[in-house]
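Residue strings, one per chain:
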Amino acid sequence: MRVMQAYRYALDPTAEQAAALASHCGAARFAFNWGLALVKAALSQREAEKTYGVPDEQLTEVVWSLYGLRRAWNAAKCRLAPWWADNSKEAYNTGLDSLTRALKNWSASRRGTREGAKVGFPRFKSKHRAILSCRFTTGAIRVEADRRHVTLPRLGTIRTAESTRKLARHLERGTGRIMSATVRFEGGRWLVAFTCEVDRADRTPAKPDAVVGVDLGVKDLAVLSTGQVVANPKHHRAALRRLRRLDRQLARRLGPRTPGGGRREASLGWAKTKAALGKAHARVANQRRDGLHKLTSHLAATYGTVVVEDLNVAGMLANRRLARAVADVGMAEARRQLTYKTAWGGGKLVVADRWFPSSKTCSGCGAVKTKLALSERTYACTECGLVADRDHNAALNLAALAANVAQSCGETLNARGGAVRPGVRTGHAPAKREPRKRGTLRREPEAV
C-alpha cells in the first residue's frame, strides 16, 4: 500500500542555525504580505475602474496564481528586498503559495463551492503573532546516515533531538521517498516534518472478525463495547493551575500593546513569560496527542471493525459549561486518527449517524427512550428491565450497528468519512432527531 505519510522530528539547532531558520520563516511572511498588498491594490484599482465605466475586458487584471505571483516577485525582489539572496527561494515560494491557497479558499467559499465554515479574505501576517513556518520542496533534502542529522537547502546539516531511524529505514530500503520538508517553531522548539511517499506492508488486525464499539466521552476518554474503560487523563485540567499563574504573570508585565492599543517594545520579562506559557500549552497538546495515538493504534491493530459516532463537536464546544472539558478530550482528533489507521491496518471504520440514539437505545431489547438526561449515568430500560452503565450501553449499540449495516447495505462502510443511519438490530426504528428550527421548542440534546 502506497500512502503519503509525515515524519516529524524535533531539531537541536545552533544559535546561528536558529537565526537562519527564523530568517527563512520571516522571508515567507514578507512574501505573503507583499503578494497580498499587490492583490488588494489590483482589486481596488479594478473597483475604481468600474465606477468610471471602463468595460470589463479592459479592467485591471488581478493575478493571484502561484505562477503569476512568482513572476511578479522575481521582477521586484531586487528593489523591494535587497537581502533576498540570504534565504532560499523556497522561503518566498512558501509565502506566495500560502497566499494563493488562501485566496482560492476565499473565492470558493464566496461562490459556495467550498464545504465547511465561511472563509474570509486573507489578512496581513503580523511579525509578533504569525506562526513561523517554511516549506522546502526542492534542493538538498535528506536524512543523514547517522540518523541524528538532517540536511535542508541553504540551512545545511542540522542536528535532531531524536533519532530519525523510522524514516531512515524506509529510505535505505527504497520503500520511502521524501516529497517535501516543513520547518516550524512550536512550543519553544524547532520542528521539521518530512512529507513522504511510503510503501506500507499490508497488515491484518489481530482479531479481523471482531467488532468493537467506541463511545467517546468526557467522564471517560473511551468506553468499549468489550467493557474496557479508558480513563480520561484530563491533561489540561492538571496543568490549569500553572497556565493560570503564567497568564497572570504575563498580564502584569509590559507587552507589545499599550493600554490605549498602541505599539511598544515588549520587555524581556514579558517575552520570557510568553515563551514559558507557549511551552506549557505545547506540553498539554503533546500529552493529549500521545494518549490518543496509543488508543487509536491499539484499536486499529486489534479489531477488524471499529464503530464510532459522528459527534457534533463544534456544537458541544458552544456550551460554555462543557467547552473546556470537551476540548480537553480531542474527540475530532481521535476520529481523524482512526480514519487512516484502520485503512492502513486492514480494518474498517463505521461512522454512526449524528442522530443515531446510541445512548437512548436499550442494548438488550432495542427500546428507545424519548428523553435521557445527561446526569443519568446508569441506563435503566423500562421495557426489559436492563440496567447498565450509560456509556457501555451506547458502545454495545454502536457495535451492533456494524452487523446491521453489513446485512442491510451489503458491505460495511469503511474509512471514507461517511455516516450510516440504519435501524437497530431488533428492528425498532431509532428516534430521528433533526436540528431545532427557529420558533420551535428546544429538544434535550443527546448526551455524550
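Now for a look at the structure at hand. (Residues numbered from 1 in each chain as written. Predicted model: local features only at pLDDT ≥ 70, side-chain atom pairs only at ≥ 80, totals over all residues. Heavy atoms only, no water.)

### Observations regarding the sheet that holds strand β8 (residues 207-216)
Item 1. Spatially, β10-β9-β8-β11-β12 is the arrangement adopted by the five strands of the open sheet, whose pairing is mixed. Two strands in the sheet have a free side with no partner beyond their single neighbour: β10 (229-231) and β12 (348-352). For this sheet, the mean angle separating the axes of adjacent strands, direction not counted, is 20°.
Item 2. Across five bridges, strand β11 (residues 303-309) lies against β12 in parallel orientation. What sits directly across from V308, in β12, is V351.
Item 3. Lying over the sheet, helix α6 (residues 268-302) contacts β8, β9 (220-224), β10 and β11, oriented at roughly 130° with respect to β11.
Item 4. Contacts from helix α9 (residues 331-344) reach β8, β11 and β12, with the element oriented near 145° to β12. (Pairing = 2+ DSSP bridges. Helix = DSSP H or I, 4+ residues; strand = E, 2+ residues; numbered from the N terminus. Axes fitted to C-alpha atoms, helices over the stretch in contact; angles between N-to-C directions. Contact = heavy atoms within 4.5 Å.)

### A few points about the side chain of H235
Item 1. Along the chain, H235 turns up in helix α5 (residues 235-252).
Item 2. For H235, the residues in contact, after removing those within four places along its chain, are V284, Q287, R288 and D328.

### Here we look at unusual backbone geometry
A negative phi holds for most residues other than glycine; trans holds for most peptide bonds.
Item 1. Of note, the phi angle at R147 is positive, near 60°, even though the residue is not glycine.
Item 2. If you trace the backbone, R147 turns up in the loop between β3 (142-143) and β4 (149-152).
Item 3. What makes R147 partly exposed here is its relative accessible area of 23%.
Item 4. Even without a glycine there, the phi angle at R154 is positive, about 65°.
Item 5. Within the secondary structure, R154 sits in the loop between β4 and β5 (156-159). (Buried < 20%, exposed > 50% of the residue type's maximum accessible area, 1.4 Å probe, protein only.)

### Some details on the nonpolar core
Item 1. By size, the foremost hydrophobic cluster in this structure holds 38 residues, and its most contacted members are L152, L167, V192 and F194.
Item 2. For this core, the leading source of residues is helix α1 (residues 15-51), giving eight residues.
Item 3. F194 has contacts with Q5, A6, Y7, Y9, I141, V143, V150, L152, L167, I178, S180 and A181, leaving out every residue within four places of it along the chain.
Item 4. L216, V230, V308 and M316 belong to the second-largest nonpolar core, a separate cluster that totals 22 residues. (Core = buried A, V, L, I, M, F, W, Y, C linked by side-chain atoms within 4.5 Å.)

### Some details on a positive patch on the surface
Item 1. A cluster of basic side chains, namely R237, R242, R244, R245, R248, R252, R253, K272 and R324, defines a positive patch on the protein surface.
Item 2. Looking at the secondary structure, you find R253 in the loop between α5 and α6. (Patch = residues over 30% accessible without salt bridge, like charges linked within 9 Å, V, L, I, M, F, W, Y side chains within 5 Å. Areas by Shrake-Rupley, 256 points an atom, 1.4 Å probe, with all protein chains shown as cover. Salt bridge = Lys/Arg side-chain N within 4 Å of Asp/Glu carboxyl O. Lys, Arg positive; Asp, Glu negative; His and termini not counted. Charge placed at Lys NZ, Arg CZ, Asp CG, Glu CD.)

### Observations regarding the pattern of salt bridges
Side chains carrying opposite charge are able to pair once their charged atoms draw close together.
Item 1. One pass over the structure, following the stated rule, counts 17 salt bridges.
Item 2. Between E186 and R8 there is a salt bridge whose closest N-O contact spans 3.9 Å. Taken together, the positions of E186 in strand β6 (residues 176-186) and R8 in strand β1 (residues 2-10) put the pair 178 residues apart, joining distant regions of the chain.
Item 3. For E186, a relative accessible area of 25% translates into the label partly exposed.

### Describing the side chain of E49
Item 1. Secondary-structure assignment places E49 in helix α1.
Item 2. Despite being buried, E49 has no salt bridge partner; R46 is the closest side chain of opposite charge, sitting 6.3 Å away.
Item 3. Here T60 takes part through its side chain, which lies 2.6 Å from a polar atom of the side chain of E49.
Item 4. The residues touching E49, leaving out its near neighbours within four places in the chain, are V54, Q58, L59 and T60. (Polar contact = N/O pair within 3.5 Å; in protein donor to acceptor, adjacent residues only side chain to side chain.)

### Focus: the sheet that holds β1
Item 1. Spatial ordering of the open sheet is given by β1-β7-β6-β2, a layout of four strands whose pairing is antiparallel. In the strand order of this sheet, the two ends are held by β1 and β2 (133-136), each with one partner. For this sheet, the mean angle separating the axes of adjacent strands, direction not counted, is 20°.
Item 2. Bridge count between β2 and β6: four bridges; the pairing is antiparallel. Its bridge partner being in β6, R135 is matched across the sheet by T182.

### Some points on α1
Item 1. Look at α1: 54 Å from first C-alpha to last across 37 residues, which is about the 54 Å you get at 1.5 Å a residue.
Item 2. Among the residues trailing α1, G53 stands out with phi positive, at a value near 85°. (Expected span 1.5 Å × (residues − 1).)

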